[in-house]
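# Remarks on the overall topology
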Amino acid sequence: MSNLDHDDFLFLDFSKRMTELPSTPALDHPVDVVTDIPPPRRHQPTAPMALPKPSRAERPVPAASLAHCTTHAVLGGDDGYRIQSESHLEFSHQMILNCFPNVISIQEQVFFFFGWNPKFPIERIFDMVVTLNCGSRVAVTVKPEVRLVSGEFLKDMGEVAWWVKKLGFADELRLLTDADLDPVSLENAKIFAAVREIDAEADAVAMDVAMSLPHGGGRSLRELVDQTSLAGRGYRALVRLVRRDVLRLAKHEVIKPKSVVMNATNPALLPDHLSPRRMILSAAA
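Computed from a predicted structure; not experimentally measured.

Inspection of the secondary structure puts Met-157 in helix α4 (residues 152-166). In the structure, Met-157 is positioned 17 residues away from Arg-174 in sequence and 9.4 Å away in space, judged by C-alpha atoms. Leave out the neighbours within four places in its chain, and Met-157 touches Arg-124, Thr-141 and Leu-173.

Next comes the structure, spelled out in structure tokens:
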């Protein structure tokens, strides 16, 4: 291989590689061609690819803006659904809410009309309306803390919150800001979104491995991946089990191969502070 060592050779471009490779010597005897080598095993999807469900936004968000960030993403599970936002802060909260076990749907850009004169109602647009598994609805508005300093927005939202409950539009109005963002939860939300696609074979193997742990017992994700013998597919399947709270992180940290996870199928055996975050109504808090 000329005077290059192996590591140097790996970084040569293709044309350079071709010039550095030695020529093949002529053979003076026939060569048996091996034809029974099996092809490499690759993951084959168990079902045809399906497009995500369309966004339910009542007002479309522009694809781009010169003044602020806009996003068009896919959240949910497996095929997922499209969702839009008008700021990175708004999108970050969508990502985190998407991981809450008691949140079953998120609708963005929702109109709300209120006021004493039905002929000329006042219009507001909520960034999100979140539906919980108990049937409750929470209207959500997202604003950075700096926009709240004057107090005008909070005063306006106080009146809107009264109308939200009076008209039965939602059970509560919630204000979310940058102060409500937990960077660890946000990073894990990104990981959950990246592995949302179901892999039936790997998911079944990962579930068997997870159930082999004693209740409350834990091991690192790397060790559990080795048990699945599925490499990356096994890792993604185990992370999906973390999102479903079948497995639970032993401490609040960004998910990585060395993270220790525990069998969470009997939550009574686990500390309460390790429970996944949920959206709780103020009246029930």
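Mapping Gln-107 onto the fold places it in strand β3 (residues 103-114). Among the polar contacts made by the side chain of Gln-107, one reaches the main-chain carbonyl oxygen of Arg-56 at a distance of 3.0 Å. Not counting residues within four places of it along the chain, the set of residues in contact with Gln-107 comprises Arg-56, Glu-58, Asp-127, Met-128 and Val-129.

Here we come to the sheet that holds strand β4 (residues 122-132). Ordered by their spatial adjacency, four strands build an open sheet running β3-β4-β5-β6, and the pairing between neighbours is mixed. Strands at the two margins of the open sheet, each flanked by one partner only, are β3 and β6 (172-176). Going from strand to strand, the sheet's axes swing by 35° on average, the running direction of each strand aside. This element, α4, spans β3, β4, β5 (137-142) and β6 of the sheet and lies at about 100° to β3.

A few words on the packing of aromatic side chains. Applying the stated criterion across every chain, the model contains nine aromatic pairs. Between Phe-112 and Phe-126, the aromatic rings sit 5.6 Å apart at their centres with planes inclined by 25°, giving stacked as the arrangement. Here the residue Phe-112 occupies a position in strand β3, and Phe-126 occupies one in strand β4, the gap between them amounting to 14 residues. Judged by relative accessible area, Phe-112 falls into the buried class, the value being 3%. Between Trp-116 and Trp-163, the aromatic rings sit 4.7 Å apart at their centres with planes inclined by 70°, giving edge-to-face as the arrangement. Here Trp-116 is found in the loop between β3 and β4, whereas its partner Trp-163 is found in helix α4, with 47 residues between them in sequence. For Trp-116, a relative accessible area of 69% corresponds to the exposed category.

In this section: the pattern of salt bridges. Summed over the entire model, instances satisfying the criterion amount to 10 salt bridges. Two residues, Arg-233 and Glu-201, come together in a salt bridge whose shortest N-O distance is 3.1 Å. You can see Arg-233 sitting in helix α8 (residues 231-243) and its partner Glu-201 sitting in helix α6 (residues 200-211), a full 32 residues away along the chain. On the basis of relative accessible area, Arg-233 is assigned to the buried category, the value being 12%. The salt bridge partner of Glu-223 is Arg-219, with a shortest N-O separation of 3.7 Å.

What follows deals with the confidence of the model for the chain. On average, the chain scores 84 in pLDDT, and the residues at 70 or more come to 82%. Here helix α1 (residues 6-10) stands out as the element of the chain with the lowest mean pLDDT, 43, in contrast to β5, whose mean of 96 is the highest. Taken as a whole, residues 1-19 scores under 50 in pLDDT and shows 11 contacts with residues more than four places along the chain or in a different chain.

We now examine the sheet that holds strand β8 (residues 247-249). Within the open sheet, the three strands sit side by side as β7-β9-β8. Their pairing is antiparallel. Two strands bound the open sheet, and with one partner strand each, they are β7 (218-220) and β8. Taking each pair of neighbouring strands and ignoring which way they run, the sheet shows an average axis angle of 35°. In this sheet, strand β9 (residues 260-263) lies alongside β7 in antiparallel orientation, the contact comprising three bridges. Among the inter-strand pairings, Gly-218 is bridged to a residue of β9, identified as Met-262. Sheet strands touched by helix α7 (residues 221-228): β7, β8 and β9. Its angle to β7, the strand with the most contacts, is close to 85°.

Now for helix α5 (residues 183-194). Helix length check: α5, at 12 residues, gives a terminal C-alpha distance of 17 Å against a target of 16 Å (1.5 Å per residue), a fit within 8%. Where α5 is buried, its residues touch β1 (71-75), α3 (88-97), α8 and β8.

Where α7 meets α8, the axes come as close as 8 Å, and the angle between the chain directions of the two elements is 125°. The angle between α7 and α8 falls in the class oblique. In terms of crossing hand, the pair formed by α7 and α8 is right-handed. Across from Leu-221, Leu-224, Val-225 and Thr-228 in α7, the residues of α8 making contact are Ala-231, Gly-234, Tyr-235 and Leu-238. Among the residues making up the contact of α7 with α8, the classes are represented as six nonpolar, two polar and no charged.

Conventions we followed
- Residues numbered from 1 in each chain as written.
- Predicted model: local features only at pLDDT ≥ 70, side-chain atom pairs only at ≥ 80, totals over all residues.
- Heavy atoms only, no water.
- Helix = DSSP H or I, 4+ residues; strand = E, 2+ residues; numbered from the N terminus.
- Contact = heavy atoms within 4.5 Å.
- Polar contact = N/O pair within 3.5 Å; in protein donor to acceptor, adjacent residues only side chain to side chain.
- Pairing = 2+ DSSP bridges.
- Axes fitted to C-alpha atoms, helices over the stretch in contact; angles between N-to-C directions.
- Phe/Tyr/Trp six-rings, centres within 6.5 Å; stacked < 30°, edge-to-face > 60°.
- Buried < 20%, exposed > 50% of the residue type's maximum accessible area, 1.4 Å probe, protein only.
- Salt bridge = Lys/Arg side-chain N within 4 Å of Asp/Glu carboxyl O.
- pLDDT = per-residue confidence, 0-100.
- Expected span 1.5 Å × (residues − 1).
- Parallel < 35°, antiparallel > 145°, perpendicular 65-115°, else oblique.
- Left-handed = near helix turned anticlockwise from the far one by under 90°.
- Nonpolar A, V, L, I, M, F, W, Y, C, P; charged D, E, K, R; others polar.

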